[in-house]
Amino acid sequence: MSADNPTSAKGNALKHVCIIMDGNGRWAKKRFMPRFAGHKAGLGALRKVVASCVEEQIEVLTVFAFSSENWRRPEKEVGLLMELFATALTREVKKLHEHNIRLRVIGELSAFSDKIRELIDAAVSLTKNNTGMIFNIAANYGGRWDITQAAQQVALKVKSGELEADAVNENVIEEHLSLNGLPEPDLFIRTGGEKRISNFILWQLAYCEFYFTDTLWPDFNKKMFIKAIDSFHARQRRFGRTGEQLNEE
Ligand code: IPE
Ligand code: IPE
Ligand code: MG
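Note that this is a predicted model, so its numbers are computed, not measured.

1. Brief notes about the pairing of strand 1 (residues 16-20)
Along any regular strand, the residues point their side chains to alternate faces of the sheet. Within strand 1, five of the five residues are buried, which leaves it mostly tucked inside the rest of the structure. Neither face of strand 1 is exposed, since His16, Cys18 and Ile20 on one face and Val17 and Ile19 on the opposite face are all buried. Pairing of strand 1 with strand 2 (residues 60-67) involves five bridges; the strand directions are parallel. Residue valine 17 lies in a different strand from strand 2, and its bridge partner there is leucine 61. Inspection of the sheet shows strand 1 paired to strand 5 (residues 187-190) by four bridges, in the parallel sense. Within strand 5, the residue paired with isoleucine 20 across the bridge is arginine 190.

What follows is the structure, encoded as structure tokens:
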């Protein structure tokens, strides 16, 4: 628990929040607008949540922007999402940099166009020495992909003799995952009413606290975010132990 984290005084230490930003399409449909209008409005909601995280001194924010399964959507929607991603990378990065935020993009980036990969590289290198919040965007990300690529890296090290097979343990796997070196997510938020993980971070969600809301992502705001944080602080995180054991500490 970090002493300078103001949230720790209220309950559990909250270092890392991860969010499945779901419900953009339904938000647009309710307004008789094209799905893309929902994605655009969703970007506005994300801007506000990033600002709220900075205010709340959250150390790491990880958001699911595009899953490895989202390529299955109509070509037109995928194309528009890619354009929105490129626009956001161009327009929003300066503000992130001004707020001392370090941007990372996690996922299988080779599937993106050269242009998007260049924009990602530029944004990541611009912000790489920042010391404030770490902001991870999961794009073409899948939890199973992440564990598989880690296993592949480990297998190569065993093959080359750099690592003994017997030495492969949970820490070794973890060191090769996309979020390596960061605190595990403490709070998982999913908007849009669905109660599933949809192949988001799998390994590190093992002991995460889940919070689901029916609010559609473009409507999600600071008040709702604080409600989720309050719910998190009211919980007892037992990590396998009994409530009595924790009360004795
Ligand atoms: C989440 O909103 C955004 C992405 C998956 C890119 P959706 O587009 O899934 O919205 P719904 O679930 O159809 O309402
Ligand atoms: C999960 O949302 C992915 C993102 C929010 C980027 P989906 O809307 O794609 O999830 P499913 O398909 O309903 O599980
Ligand atoms: Mg959805």
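2. Topic: the site of ligand 2
The environment of ligand 2 is made up of Ile20, Met21, Asp22, Phe64, Ala65, Phe66, Ser67, Asn70, Arg73, Arg190, Arg196 and Ser198. Residue aspartate 22 places a side-chain N or O atom 3.1 Å away from an oxygen atom belonging to ligand 2. In this structure, arginine 190 approaches ligand 2 through a side-chain N or O atom, which is 3.3 Å from an oxygen atom. A total of 390 Å² of accessible area belongs to ligand 2 in isolation, and the protein chains cover 78% of it. Put simply, ligand 2 lies in the largest pocket. Broken down by class, the residue content of the shell around ligand 2 amounts to five nonpolar, three polar and four charged.

3. Thoughts on helix 5 (residues 114-127)
Note on helix geometry: an α-helix contains 3.6 residues per turn, so any two residues three or four positions apart are oriented the same way. The first and last C-alpha atoms of helix 5 sit 20 Å apart over 14 residues, in line with the 20 Å expected at 1.5 Å per residue. Taken together, the buried positions of helix 5 are Ile116, Ile120, Ala123 and Thr127. The buried side chains of helix 5 occupy one side of the element, clustering within an arc of 70° when seen end-on. Set apart from the buried face of helix 5 by more than 90 degrees, the exposed residues are Asp114, Lys115, Glu118 and Asp121.

4. Here we look at the confidence of the model for the protein chain
Per-residue pLDDT for the protein chain averages 95, and the proportion of residues at 70 or more is 96%. In the predicted structure, residues 1-8 sits below a pLDDT of 50 and forms 17 contacts with residues beyond four places in sequence or in another chain.

5. Let's talk about the side chain of histidine 16
Mapped onto the fold, histidine 16 is located in strand 1. On the basis of relative accessibility, which here comes to 0%, the residue histidine 16 falls in the buried class. Polar contacts involving the side chain of histidine 16 include one to the side chain of threonine 62, which spans 2.7 Å. Here proline 183 takes part through its backbone oxygen, which lies 2.7 Å from a polar atom of the side chain of histidine 16. Once residues lying within four places of it in the same chain are set aside, the contact partners of histidine 16 are Val60, Thr62, Leu179, Pro183, Glu184, Pro185, Asp186 and Leu187.

6. Comments concerning the site of ligand 1
Close contacts around ligand 1 come from Met21, Asp22, Gly23, Asn24, Gly25, Arg26, Arg35, His39, Ala65, Asn70, Arg73 and Leu81, and that covers them all. At 3.1 Å, a backbone N or O of asparagine 24 approaches an oxygen atom of ligand 1. Between ligand 1 and the protein, one listed contact pairs an oxygen atom with a side-chain N or O atom of arginine 35 at 2.8 Å. Calculation on ligand 1 without its partners gives an accessible area of 380 Å², and the protein chains cover 87% of this total. With respect to the pocket detection grid, ligand 1 is positioned in the largest pocket. If you list the elements that add at least two residues to the shell around ligand 1, you get helix 1 (24-30) and helix 2 (35-55). In terms of residues, the shell around ligand 1 owes the most to one element, helix 1, which gives three residues. The class makeup of the residues in the shell around ligand 1 is three nonpolar, five polar and four charged.

Cut-offs and rules
All residue numbers refer to positions counted from 1 along the written sequence of the respective chain. Chains and ligands are labelled sequentially in the order written, the chains with letters from A and the ligands with numbers from 1. Reporting of local features is limited, given that this is a predicted model, to residues whose pLDDT is at least 70; pairs of side-chain atoms are given and counted only at 80 or more, and all residues count toward the totals for whole chains, interfaces and linings. Values shown for side chains rest on all heavy atoms present in the structure; no hydrogens or waters enter the calculation. Relative accessibility decides the category of a residue: with a 1.4 Å probe and only protein chains considered, values under 20% of the type maximum give buried, values over 50% give exposed, and everything between is partly exposed. Only DSSP runs of H or I with at least four residues qualify as helices, and only runs of E with at least two residues qualify as strands; both kinds are numbered from the N terminus onward. In this analysis, strands are considered paired if DSSP registers two or more bridges between them. Proximity is defined per residue: any heavy atom of the residue falling within 4 Å of a molecule or strand makes that residue near it. N or O atoms closer than or at 3.5 Å make up a polar contact, with two conditions inside protein: a donor-capable atom paired with an acceptor-capable one, and, for residues adjacent in sequence, both atoms drawn from side chains. For every accessible area listed, the method is Shrake-Rupley and the probe measures 1.4 Å; residues are considered covered only by the protein chains on display. Only protein atoms enter the 1 Å grid used here. Points where a 1.4 Å probe fits but cannot escape make up a cavity, open sets with protein on both sides within 12 Å along at least five of seven lines make up a pocket, and a residue lines them when an atom lies within 4 Å of a point. Whether a molecule lies in a cavity or pocket depends on its atoms, and more than half of them have to be within 2 Å of the grid points. Gly falls in the polar group here, along with every residue not listed as nonpolar (Ala, Val, Leu, Ile, Met, Phe, Trp, Tyr, Cys, Pro) or charged (Asp, Glu, Lys, Arg). A helix's residues, less one, multiplied by 1.5 Å, set its expected span. This arc corresponds to the set of directions leading from the helix axis out to the C-beta atoms. Looking at any residue, its pLDDT shows the predictor's confidence there, from 0 to 100. Note on contacts: a residue pair qualifies if any of its non-hydrogen atoms lie within 4.5 Å across the two residues.

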